[in-house]
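# A look at the structure
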Amino acid sequence: MGRIHVLSDQVANQIAAGEVVERPASVVKELLENSLDAGATRIRIEIEAGGRKLIRIVDNGHGMGRDDALLAFERHATSKLRSSDDLLSIATLGFRGEALPSIASVARLTLDTRATDDEVGTSLEIAGGNILRVEDAGLPPGTTIAVRDLFFNTPARRKFLRSESTELGHVAALVTHYALAHPQKHFELHSSTQALLIAPAVLNAGERLFQIFGRETFESLIPVAAELDFAHAGIPEPPPWKRPADYEKPEAGFIRLSGFVSKPELQKLNRNSIYVFVNGRLIRDRLILHAFTEAYRNIIPPTSFPVVLLFLEMPPQEVDVNVHPAKTEVRFRQSSFIHDFVRDSVRTALMNARPAASFFTALTTSANASSSLMVDISPLPGIDQPLYQPNPLVAESEPLIDPADTTTFDLSAPIVPESPGRLTFEGPGQSIAYDEATHEDQPTLNSLATLKPLGQLRDSFILATNEEGLWIVDQHVAHERVLFEKILRDRKVEAVQRQRLLMPVLIELLPAQMVTFAAIAEELERNGFEAEPFGPRTLAVKATPVGLEGRELEFVLDELLGATEKSAQVENEETRRTRIAASIACHAAIKVNMPLEPAKIDWLLAELGKTEHPTSCPHGRPIALRYSLKDIQRAFQRI
């Protein structure tokens, strides 16, 4: 008898379950995506013991007939693909046909379903992959799947599950994210003790965000929307000798971006608050995460991350979702094009919003590792209501809201700033909406030009006032931002001003620093430095950028040449350019404890108002804080 043999279907399904079903949240994800693919408008999820004991999902989708219900538990049985060509343009959330048989092989599963056109439904019971019961039943249209005793026949997997609260937290986060991605559908999440989330259907993502997380989170985010024709990406076509006689050039389609990004004052210590949906699918993609990092570069500290809720829509053939068993990773056909589009769109939104940090917000807000877009699952003693109440203006009994019959929130779509190569956001897609009335009192830095200086505080902070209230400006970081953008502009047109030294300055370096100098010598020269080796471990500096002198020159070179080898390897040309410009600006800027003449203060505020990003210095520290007139009146009990 040979060594190789074919595994039984049951063992094969359990192996597949190891890839698809990692924890209870994985089961919820697969079943929730099936409900969305089935066209459900109302979805209810019930969880007991963190998902170990029970996971029940009820939807009002199109349901299944008896034959389809039995066939759905066969491996690779699906209604969403017909041929291998369909893999090139997947438009549904599920498509593998592995989820149901994999789940049924490691749990006790009950399926109750009825197609809309059928008179009778089907009830099916499976345990460990074996069908125990199939019978007709009187059921409403839709599907109900109950998964009990998860991993009951694979105890090794069961013991690696976390605590009930941890597993429930993963489920709550998942359901919340899909509720945000599908605002026109009704979602409910219930545990054995409380209603965690009740989100009736609303018109757009802006209303859903307000509905679930409230005004405070909503007001800390900035809307972003953009559209671009894929024809600009130069989509490759087959060569002429491979084209059939009836070949027609395919339509390129559009890439659309919509959603919300956080103001610079809202920062996190990890990427857990970055949520990206591609064609309605929640993904974790390094390319998109890097685009956000680049968009916020020199706006927030490099160790902090923004809060992002972003929806990307593109033709299905432009994204490959068949690269990961759990379908959480994707590959883009035009990866560089999409990276730059996301980066530039977010950067443009931040540049046009120019949000100003509130004085009280700056006192109470600091970067933390918790996620701001997360449903709180902690039990509240004595409270039986859901933690997030549904919007009272939305009729809970209606599965889908007709735009003509609703007046909720009175939100309107944002005006997309005009920029080269970017079109107005039109046509079908994810509507985000943005309530201008809600945000009309939000401070911006467009009023910096109207500030009237009052003086200095400890020769370090400029006090100024206008109609909006009292402003406190950090003179060092304000001048740092002005110099940083001037250095980048002058570097771009090769008009950097330099000052020659009467005598070269000799600086001793370590061997590793000499290697780093050789790598960045050309960029240093373009930024106004004139330096060359003077011996094996000595650097002779003959000219410097205007404003750098004495000890500050040594500090700049020590900072620039002290980059670790690892960071230097991953540093691209643009990153290196901004890092050098930021270091020069920091050491050439006005210092704290430095008295300034009134004319100098006027000049600094005027120049700050002309910058593209007056929100923060190149290292991410806030430049100006506003103590609003309302805050002052409230403090004096005037209102």
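Predicted model only: the values in this text are computed from it and were never measured.

A few words on the overall build of the protein chain. Of regular secondary structure, the protein chain possesses 18 helices and 23 strands. Burial analysis of the protein chain (639 residues in total) assigns 50% to the buried set. Of the contacts formed within the protein chain by residues at least 6 apart in sequence, a portion of 74% connects residues at least 24 apart.

Let's shift gears to the packing of aromatic side chains. A full pass over the atoms with the stated rule returns 4 aromatic pairs. Relative to F218, the ring of F210 has its centre 5.6 Å away and its plane inclined at 75 degrees; by these criteria the two rings are edge-to-face. Here F210 falls in the buried class, since its relative accessible area comes to 18%. Its relative accessible area of 1% is what places F218 among the buried residues. Between F277 and F311, the ring centres sit 5.4 Å apart and the planes meet at 20 degrees, which makes this aromatic pair stacked. One end of the pair, F277, is in strand β11 (residues 274-278); the other, F311, is in strand β13 (residues 308-313), with 34 residues separating them in the sequence. Judged by relative accessible area, F277 falls into the buried class, the value being 1%. For F311, a relative accessible area of 3% translates into the label buried. Ring pairing ties together the aromatic residues Y178, F277 and F311, which thus form one cluster. Here R108 stacks its cationic end above the ring of F152, 4.0 Å away from the centre of that ring.

For helix α17 (residues 598-610), with 13 residues, the first-to-last C-alpha span of 19 Å sits near the 18 Å given by 1.5 Å per residue. Considered for burial, the residues of α17 that qualify are I601, L604, L605 and L608. Angularly, the buried residues of α17 cover 95 degrees about the axis, an arc narrow enough to put them on a single face. What points out from α17, more than 90 degrees from its buried face, is the exposed set A599 and K610.

Strand order across the open sheet formed by 3 strands is β20-β22-β21, with antiparallel pairing between neighbours. Where the open sheet ends on each side, the last strands, each with one partner, are β20 (498-508) and β21 (530-533). Pairwise comparison of adjacent strand axes, ignoring direction, gives a mean angle of 15 degrees for this sheet.

Now for the pattern of salt bridges. Inspection of the entire model under this criterion finds 29 salt bridges. For the salt bridge of E46 with R56, the shortest nitrogen-to-oxygen distance reads 2.6 Å. Of this pair, E46 sits in strand β1 (residues 42-48) while R56 sits in strand β2 (residues 54-59), placing them 10 residues apart in sequence. With a shortest N-O distance of 3.4 Å, R498 and E525 are connected by a salt bridge. Linking R498 in strand β20 with E525 in helix α13 (residues 511-526), this pair joins segments that are 27 residues apart in sequence. Among the residues examined, R498 registers a relative accessible area of 34% and is labelled partly exposed. Look at the salt bridges and you will find they share partners, linking R44, E46, R56 and E188 into a network.

This part covers the packing of helix α12 (residues 475-492) against α17. Packed helix pairs are characterised by how far apart their axes lie and by the angle those axes make with each other. Their axes nearest at 9 Å, the elements α12 and α17 cross at an angle of 50 degrees. By the angle between their directions, the pair α12 and α17 is classed as oblique. The handedness of the crossing between α12 and α17 is left-handed. Facing Q475, A478, H479, R481 and V482 of α12, the residues of α17 in contact are W603, L604, E607 and L608. Looking at side-chain class alone, the contact of α12 with α17 contains 5 nonpolar, 2 polar and 2 charged residues.

So, on to the environment of L488. If you trace the backbone, L488 turns up in helix α12. Separated by 94 residues in the primary sequence, L488 and A582 place their C-alpha atoms 9.3 Å from one another. Not counting the four nearest positions on each side in its chain, L488 is found in contact with R577, T578 and A581.

Next up on the list: the nonpolar core. Membership of the largest hydrophobic core comes to 61 residues, with the highest contact counts inside it found for V28, I45, F73, V147 and L189. Among the elements that line this core, the one with the most residues is helix α6 (residues 164-181), at 9 residues. In contact with V147, other than residues within four places in its own chain, are V27, L31, K53, L54, I55, I103, A107, R108 and L109. Among the nonpolar cores identified, the runner-up in size contains 36 residues, and A226, I255, L289 and V321 belong to it.

What counts as what
- Residues numbered from 1 in each chain as written.
- Predicted model: local features only at pLDDT ≥ 70, side-chain atom pairs only at ≥ 80, totals over all residues.
- Heavy atoms only, no water.
- Helix = DSSP H or I, 4+ residues; strand = E, 2+ residues; numbered from the N terminus.
- Buried < 20%, exposed > 50% of the residue type's maximum accessible area, 1.4 Å probe, protein only.
- Contact = heavy atoms within 4.5 Å.
- Phe/Tyr/Trp six-rings, centres within 6.5 Å; stacked < 30°, edge-to-face > 60°.
- Lys NZ or Arg CZ within 6 Å of the ring centre and 35° of its normal.
- Expected span 1.5 Å × (residues − 1).
- Arc of directions from axis to C-beta.
- Pairing = 2+ DSSP bridges.
- Axes fitted to C-alpha atoms, helices over the stretch in contact; angles between N-to-C directions.
- Salt bridge = Lys/Arg side-chain N within 4 Å of Asp/Glu carboxyl O.
- Parallel < 35°, antiparallel > 145°, perpendicular 65-115°, else oblique.
- Left-handed = near helix turned anticlockwise from the far one by under 90°.
- Nonpolar A, V, L, I, M, F, W, Y, C, P; charged D, E, K, R; others polar.
- Core = buried A, V, L, I, M, F, W, Y, C linked by side-chain atoms within 4.5 Å.

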